[in-house]
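Close look at the chain arrangement
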Amino acid sequence: PCYHWVLRDREVNASWGQLDPASYFANMREVLDIVDEHTEPGPFRDRLYARWYRGKMLNRVEKVLSNPDVEHRWALYRAMHELAVARFPASVDDKLPFNLRERSRLLRAGELEELAELAKFERRLRARVRATTARTRDGAVELQVEGELEGLRFERCGDRVVWGPARADATDALGEASTIQLLLKQRSTQEEYRVPAETETRLVDSGDGGVRAVIALSALVDPATAAGGATLRRGAWEVHAVVIVAGFRAVGRVRRPRGSEHLIIAVGPGGRAFVRRAGWQRNLRRRMPRGLVRAIREAQAKVRRRLRR
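Quantities reported herein were computed from a predicted structural model and do not represent experimental measurements.

**Focus on the nonpolar core**
With 73 residues, the main nonpolar core has Met57, Phe154, Val245 and Phe248 as its most contacted residues. Excluding anything up to four places from it in sequence, Met57 contacts Phe25, Met28, Trp52, Met80, Leu83, Ala84, Phe88 and Leu107.

**What to know about the side chain of Thr179**
Summarising the element assignment, Thr179 is placed in strand β6 (residues 179–186). A polar atom in the side chain of Thr179 sits 3.4 Å from the side chain of Thr199. Contacts of Thr179, omitting those with residues within four sequence positions, involve Thr199, Ile215, Val242, Val243 and Ile244.

**Some thoughts on the sheet that holds strand β2 (residues 140–150)**
The strand order β1-β2-β9-β8 describes an open sheet built from 4 strands, whose pairing is antiparallel. Each end of this open sheet is capped by a strand with a single partner; those strands are β1 (126–137) and β8 (197–205). Ignoring strand direction, the axes of neighbouring strands in this sheet form an average angle of 20°.

**Some details on the sheet that holds strand β5 (residues 168–169)**
Spatially, 3 strands are ordered β3-β4-β5 in an open sheet, and the strand pairing comes out antiparallel. Strand pairing shows two members of the sheet lacking a second neighbour, β3 (155–157) and β5, which therefore form its edges. Of the pairings in the sheet, the one linking strand β4 (residues 160–163) to β5 comprises 2 bridges and is antiparallel in character. Looking at β5, one finds that Val162 is bridged to Asp169.

**A closer look at unusual backbone geometry**
In most cases, non-glycine residues show a negative phi, while peptide bonds are predominantly trans. Even without being a glycine, Gln190 presents a positive backbone phi close to 60°. Tracing the chain through its elements places Gln190 in the loop between β6 and β7 (191–195). Taking relative accessible area as the criterion, Gln190 reaches 46% and is therefore assigned partly exposed. With phi around 55°, Ala246 is a residue other than glycine that occupies positive phi space. In this fold, Ala246 is placed in the loop between β10 (235–245) and β11 (248–253). Residue classification places Ala246 among the buried residues on the basis of a relative accessible area of 0%.

**Here's the deal with helix α6 (residues 112–124)**
For the α-helix, the turn length of 3.6 residues means that residues three or four positions removed from each other point alike. Compared with an ideal rise of 1.5 Å per residue, which puts 13 residues at 18 Å, α6 spans 19 Å between its outermost C-alpha atoms and is within 8% of the ideal. Along its buried surface, α6 packs onto α3 (61–65), α4 (70–87), α5 (98–109), β4 and β11.

**Structural notes on the pattern of salt bridges**
If you walk through the whole model with that rule in mind, you get 21 salt bridges. Residue Glu102 pairs with Arg105 through a salt bridge whose shortest N-O separation is 3.1 Å. You can see Glu102 and its partner Arg105 sitting in helix α5, 3 residues apart, about one turn around the helix. Exposure remark for Arg105: the relative accessible area of 38% places this residue in the partly exposed category. Across the pair Glu142 and Arg135 runs a salt bridge, and its minimum N-O distance is 2.7 Å.

**Structural notes on helix α2 (residues 43–56)**
The end-to-end C-alpha distance of α2, which contains 14 residues, comes to 20 Å, matching closely the 20 Å that a straight helix rising 1.5 Å per residue would cover. Within the sequence span of α2, burial applies to Arg45, Asp46, Tyr49, Ala50 and Tyr53. Tucked inside the fold, the buried residues of α2 contact α1 (21–38), α4 and α5.

What counts, and where the lines are drawn
Residues numbered from 1 in each chain as written. Predicted model: local features only at pLDDT ≥ 70, side-chain atom pairs only at ≥ 80, totals over all residues. Heavy atoms only, no water. Core = buried A, V, L, I, M, F, W, Y, C linked by side-chain atoms within 4.5 Å. Buried < 20%, exposed > 50% of the residue type's maximum accessible area, 1.4 Å probe, protein only. Contact = heavy atoms within 4.5 Å. Helix = DSSP H or I, 4+ residues; strand = E, 2+ residues; numbered from the N terminus. Polar contact = N/O pair within 3.5 Å; in protein donor to acceptor, adjacent residues only side chain to side chain. Pairing = 2+ DSSP bridges. Axes fitted to C-alpha atoms, helices over the stretch in contact; angles between N-to-C directions. Expected span 1.5 Å × (residues − 1). Salt bridge = Lys/Arg side-chain N within 4 Å of Asp/Glu carboxyl O.

So far we have only geometry, and geometry alone does not tell us how the molecule works.
The structure is reproduced here in structure tokens:
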């Protein structure tokens, strides 16, 4: 099954209206009643429950806690807490990523302050991703990439790895729910394609008693198949990455092997891919009128402020 998102207008979404807690979570209870009617208690029902719990409640926690309308924020939190206690048993948590298991534990326990601290911590995470190798081979680009989440540290506990004040065991999650998703993006058309890749997670002692999770990625960007199996359009493609460690995630641009510039892969007239040379962005800025450069920087700052909100 597949479907298409249609971009009607920028910064417009039908689901962005204010959610009414009473009616919304009453409807969610009705959905869970239907699940109960057609399934028996056990792993299969827990998997179905986890789908609703993850998407409609746990993934909303950060937005709920940052809602400037305090009264509405409390109403949403109370409704979510009551539903979590009443309908989502602890066995459902086994079907969730590690970071959402932590959210679930705090939500079910009614630990609002700790839940807010966890949300704040996740907002501060930043992806640091750099290509260690980026070279052309037979019209394709071979990439070796390393990435991690800045600010995320674990601790060793015997042969296990733990995280957070509760010292939750994250050992298995570091292998199962840690990866880098490599993306090719073209700004002019807003196209985006995921690059098939192989990843491996390594634990590195940070020197301060903590442990960093570093993910190594290997990929080949073949322009003949890189557009979801089709030919990649001619032009410049920015290389982005979604870094996921034990379910925690952040998005960032991939930097070149040396220097601070972002990695750009270009597809030429002959359909061959190559790494765009360093310094082309600086040269472009030198050719642009100063007023235009200033306007672009102001627009970028405006977008960053909006994203932080």
